[in-house]
Amino acid sequence: MEGLCKELSCPVCLELFTPPVLELPCSHNYCRQCIHETLISQNCTHVNGKFCCPMCRKVICLRGRGITGLKRNIFIENVLEKVKEEMAKIHEREHSVNSQTCRIHEEVLNLMCLDDDIPICSICKLFGDHNTHEVARLSEVYQGRKNSFIEEITKIVLKSETATRVCQGLEKLQDELLSTAEETKAVISAVGESLLMELRFKVSSLKMKVDKESAEKCNELQSALEELQGSRQIYMKMKSLLEEHINPIQFLKEDKQLKIEVAKLLKDGRPLPAPQRDNISVGKYIEELIKGIDIKQVAISKADDLLMKVGDEYAAWSSGCSNADTSSYDGLDQIIRKIMSSLTLKSSDAHNSLSWECPSPYSTGSSSEDSYSPEDVKVITIEKKLFLNPVGS
């Protein structure tokens, strides 16, 4: 084998050929890498260059193809592969023999030291360090431990199969859990969208009710205005006729028509409409909007300052009205207006100034409008313009 390995060695690197193996025209074989380094060392860098064989010094022409034009020796490569396989087998056998031989006495390991739990040879038992130790035949110990090893493998296999089944069950549970989570999120989204749609519908419905109530009350106010303006217009016509008529003929003609209108107006006999405050109640619609909703649970952040304040004040108002007339929303209206005003004006003490009393703007107990909120003052001003100063005055 050594002679064969020598024949299969490269003359340049002195090692076994490293494929691909190139054969020169002079029949000498080299590793491709070794030929490449030879060309560099001989300054042969052109595809038509020439170089000398490292062994016989014969001049070799590349003929325009460079190193790729040299013949490849497939036979040597195949033989080299077989030799490497045989060398690997020989090395494995030598390793196996060496592993079964005592390194100290170079005898076959045929005993097992039970004290140190290592294989020993007979000389180790008779004259070596193990002469006082308990020993047994290596073959017997081997067979016993092999059988025990097989039993342990069987137990491990059974446990592994059980573990595999449990793992499959856990993976199935995990998949079901993830699937259930996705289904739950889908249901939450669907129900949430439905609730939001219902809430939006409720908001729209309440806005429509506000518009309807506002239209009805505006019509009533408009009728009162028209009635007041009718009597005012007759008065202005009569005053104008009395002060500005040109002659008795004109006076008598127009007096006749005005008397008919005055008779018609006085015939009705109804008293003139007194100005009454009839605003739309914010509290009534807020109560209907949040009916069945725990508003403090909805307000989950400090940004929901309005919800928190309205929730607190509404709860206090509801408990305070338990024995009173719950149809009166004056107190709740006053509170909500002050809350909105405090948030708009960013007043620091607005929340502390909330009062359950909602005095009438026409009450005789108040001599100034300073006690009212900005919203109340605005309402009072509009009402005074409408009822105390009719159009055309």
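What counts as what
- Residues numbered from 1 in each chain as written.
- Predicted model: local features only at pLDDT ≥ 70, side-chain atom pairs only at ≥ 80, totals over all residues.
- Heavy atoms only, no water.
- Helix = DSSP H or I, 4+ residues; strand = E, 2+ residues; numbered from the N terminus.
- Buried < 20%, exposed > 50% of the residue type's maximum accessible area, 1.4 Å probe, protein only.
- Contact = heavy atoms within 4.5 Å.
- Areas by Shrake-Rupley, 256 points an atom, 1.4 Å probe, with all protein chains shown as cover.
- Patch = residues over 30% accessible without salt bridge, like charges linked within 9 Å, V, L, I, M, F, W, Y side chains within 5 Å.
- Salt bridge = Lys/Arg side-chain N within 4 Å of Asp/Glu carboxyl O.
- Lys, Arg positive; Asp, Glu negative; His and termini not counted.
- Charge placed at Lys NZ, Arg CZ, Asp CG, Glu CD.
- pLDDT = per-residue confidence, 0-100.
- Arc of directions from axis to C-beta.
- Axes fitted to C-alpha atoms, helices over the stretch in contact; angles between N-to-C directions.
- Parallel < 35°, antiparallel > 145°, perpendicular 65-115°, else oblique.
- Left-handed = near helix turned anticlockwise from the far one by under 90°.
- Polar contact = N/O pair within 3.5 Å; in protein donor to acceptor, adjacent residues only side chain to side chain.
- Pairing = 2+ DSSP bridges.
- Core = buried A, V, L, I, M, F, W, Y, C linked by side-chain atoms within 4.5 Å.

J.: Account for the overall build of the chain, with residues named and values stated.
T.: Counting secondary structure elements, the chain contains eleven helices and eight strands. Residue burial in the chain is summarised as follows: out of 393 residues, 23% are buried. Looking at the chain alone, contacts between residues at least 24 apart form 49% of all its contacts between residues at least 6 apart. By element, 57% of the accessible surface of the chain is carried by carbon and sulfur atoms, the whole surface being about 28,500 Å².

J.: Provide a residue-level description of a nonpolar patch on the surface, including the pertinent values.
T.: On the surface, a cluster of nonpolar side chains totalling about 270 Å² of accessible area is made up of F149, I153 and V157. Turning to its location among the elements, I153 is positioned in helix α5 (residues 138-244). For I153, a relative accessible area of 41% corresponds to the partly exposed category.

J.: Give a detailed account of the pattern of salt bridges, specifying residues and quantitative values.
T.: Applying the stated criterion across every chain, the model contains four salt bridges. Among the salt bridges present, the one from R72 reaches E77, with a minimum N-O distance of 2.8 Å. What makes R72 partly exposed here is its relative accessible area of 45%. Salt-bridge contacts for R145 lead to D117; the nearest nitrogen and oxygen are separated by 2.6 Å. Placement of R145 in helix α5 and of D117 in the loop between β6 (111-113) and β7 (118-120) is noted, with a sequence separation of 28 residues between them.

J.: Describe in detail a negative patch on the surface, supporting the description with residues and values.
T.: Taken together, the side chains of D115, D116, D129 and E134 define an acidic patch exposed on the protein surface. Relative to the elements of secondary structure, D116 occurs in the loop between β6 and β7. Residue D116 is classed as partly exposed on the basis of its relative accessible area of 39%.

J.: Before we move on, can you summarise the confidence of the model for the chain with the specific residues and values?
T.: Summarising the model, the chain shows a mean pLDDT of 75, and 74% of its residues fall at 70 or more. When pLDDT is averaged over each helix and strand of the chain, the minimum, 43, is found for helix α11 (residues 374-388) and the maximum, 92, for strand β2 (residues 29-31).

J.: Tell me about helix α2 (residues 32-41), and please be specific about residues and values.
T.: What α2 keeps buried is the set C34, I35, T38 and L39. On an axial view of α2, the arc spanned by its buried residues comes to 140°, and they lie on one face. The exposed set on the far side of α2, more than 90 degrees from its buried face, consists of I40 and S41. Contacts from the buried residues of α2 go to β1 (21-23), β2 and β3 (50-52). Positioned one or two residues after α2, N43 has a phi angle of 55°, which is positive.

J.: Lay out the packing of α5 against helix α7 (residues 282-289) in plain terms, naming residues and giving numbers.
T.: Helix packing geometry: the angle between the two helix axes and the distance between the axes. Here α5 crosses α7 at 160°, and the two axes come no closer than 11 Å. Relative to α7, α5 is oriented roughly antiparallel. As for the relative orientation of α5 and α7, their crossing is right-handed in sense. Judged by residue contacts, L199, K202, V203, L206, K209, V210 and E213 of α5 engage K284, Y285, E288 and L289 from α7.

J.: So, the side chain of N73: which residues are in play, and what are the values?
T.: Note on placement: N73 falls in the loop between β5 (71-72) and α3 (74-99). A polar atom in the side chain of N73 sits 2.9 Å from the side chain of N29. Beyond its immediate stretch of four places on either side in the chain, N73 contacts V21, E23 and N29.

J.: Describe the sheet that holds β5, naming the residues involved and giving the relevant values.
T.: Strands sit in the order β2-β1-β5 across an open sheet of three strands; the sheet is antiparallel. Both outer strands of the open sheet, β2 and β5, are each paired with one neighbouring strand and no more. Alignment of β1 against β2, held across three bridges, turns out to be antiparallel. Residue pairing for β2: L22 is matched across the bridge by Y30. Relative to β2, α2 is tilted by about 90°, and along the sheet it contacts β1 and β2.

J.: Account for the nonpolar core, naming residues and giving values.
T.: One finds F17, L24, I35, F51 and L70 to be the most contacted residues of the largest nonpolar core, which totals 23 residues. Mapped onto this core, the elements with two or more residues apiece are β1, β2, α2 and α3. In contact with F17, not counting residues within four places along its chain, are E7, L8, S9, C10, P11, N29, Y30, C31, I76, L80 and K84. In terms of nonpolar packing, the next biggest core, distinct from the first, is built from seven residues, C102, L109, C113 and C121 among them.

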